[in-house]
Amino acid sequence: MMDAGADYLHLDVMDGHFVPNLTFGHPVVKCLRPKLPDVFFDMHMMVAKPEQWIEEMQAAGASQYTFHYEATEDPKTCIRKIKEAGMKAGIGIKPKTPVEVLDPFIDLVDMVLIMTVEPGFGGQKFMGDMMPKIAYLREHFGQIDIEVDGGVGPATIQQCADAGANMIVSGSALINSENPRETIRYMRTVVEEAIQRSQLER
Ligand SMILES: O=C(CO)[C@@H](O)[C@H](O)COP(=O)(O)O
Ligand SMILES: [Fe+2]
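These numbers were taken from a predicted model, which means no experiment stands behind them.

A. Structural context of the pattern of salt bridges. As enumerated under the stated definition, the model contains five salt bridges in all. Its salt-bridge partner being Arg80, residue Glu84 comes within 3.1 Å of it at the nearest N-O pair. Within this pair, Glu84 and its partner Arg80 are both found in helix α3 (residues 75-84), separated by four residues, close to a single helical turn. Note on Glu84: relative accessible area 58%, which makes it exposed. Overall, the relative accessible area of 43% leaves Arg80 in the partly exposed class. Across the pair Arg197 and Asp162 runs a salt bridge whose closest N-O atoms are separated by 3.2 Å. With Arg197 in helix α7 (residues 180-201) and Asp162 in helix α5 (residues 157-163), this residue pair connects regions lying 35 residues apart in the sequence.

B. The coordination of the iron ion (ligand 2), seen in detail. On the protein side, the iron ion (ligand 2) has His10 (NE2), Asp12 (OD), His44 (ND1) and Asp149 (OD) as donor atoms, found 2.1 to 2.2 Å from it. Classification of the site at the iron ion (ligand 2) as octahedral follows from its six donor atoms and the range of 73 to 176° in their angles at the metal.

C. Fine view of the UniProt feature "binding site: a divalent metal cation" (unreviewed entry) in the chain. This chain's UniProt record puts "binding site: a divalent metal cation" (unreviewed entry) on His10, Asp12, His44 and Asp149. Annotated residues spanning 140 residues; largest pairwise C-alpha distance 10.5 Å, indicating a single compact cluster. With respect to the helices, strands and loops of the structure, His10 is situated in strand β1 (residues 9-14). What makes His10 buried here is its relative accessible area of 17%. Ignoring any residue separated from it by four or fewer positions in sequence, one finds His10 in contact with Asp42, His44, Glu147, Asp149 and Val169. A polar atom in the side chain of His10 sits 3.0 Å from the side chain of Asp12. In this fold, Asp12 is placed in strand β1. Its relative accessible area of 26% is what places Asp12 among the partly exposed residues.

Conventions we followed
Residues numbered from 1 in each chain as written. Chains lettered and ligands numbered in written order. Predicted model: local features only at pLDDT ≥ 70, side-chain atom pairs only at ≥ 80, totals over all residues. Heavy atoms only, no water. Salt bridge = Lys/Arg side-chain N within 4 Å of Asp/Glu carboxyl O. Helix = DSSP H or I, 4+ residues; strand = E, 2+ residues; numbered from the N terminus. Buried < 20%, exposed > 50% of the residue type's maximum accessible area, 1.4 Å probe, protein only. Donors = N, O, S within 2.8 Å, 3.2 Å for Na, K, Ca; no water. Tetrahedral: all angles 85-135°; square planar, octahedral: opposite > 155°, others 65-115°. UniProt positions renumbered as here; feature names shortened; annotations may be inferred. Contact = heavy atoms within 4.5 Å. Polar contact = N/O pair within 3.5 Å; in protein donor to acceptor, adjacent residues only side chain to side chain.

What follows is the structure, given as structure tokens:
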């Protein structure tokens, strides 16, 4: 994926509690890091009690730690601990969570994640009705990085770009693409053109 032009790797950590699926944890990240020394690792932490793994993920080589608003009683402390550990901080919401819950945290984080599938599995159908959440964030919080994750590919990228997303996670669409380089190039172009249009409109 990096050879095909990806900007970063989005690594899905699932604990079998916060989501009904199990993937991997910090030992796998530790193994991966020496093989990809310069790659930005965006950890999508689909785990209960995300505070629990901050130190371990940092030591394993994570670059950014994106946790779920729904998984912790104290998002502010979680953000502070992530930053103290020297990582970038991201906060995400599941499809049923209203976007306004994020308002108090936007100024504290580096990135906001809007899920466009129920977290837990790749290969699900994109939920276009999440686009107003992205538009809300872009309208109210200007330059914040907004990541979209779940069912994103050439068929759905235009909606994401028009709403204002600028960090694109794409799993199945790239893995199943006959030409991942071209698929990444196309999606990047769509996003860049939407950003340029919105700047001209200002
Ligand atoms: O976090 C998740 C799912 O929980 C995502 O990162 C997906 O795994 C992305 O895969 P596709 O939906 O693009 O296939
Ligand atoms: Fe993810």
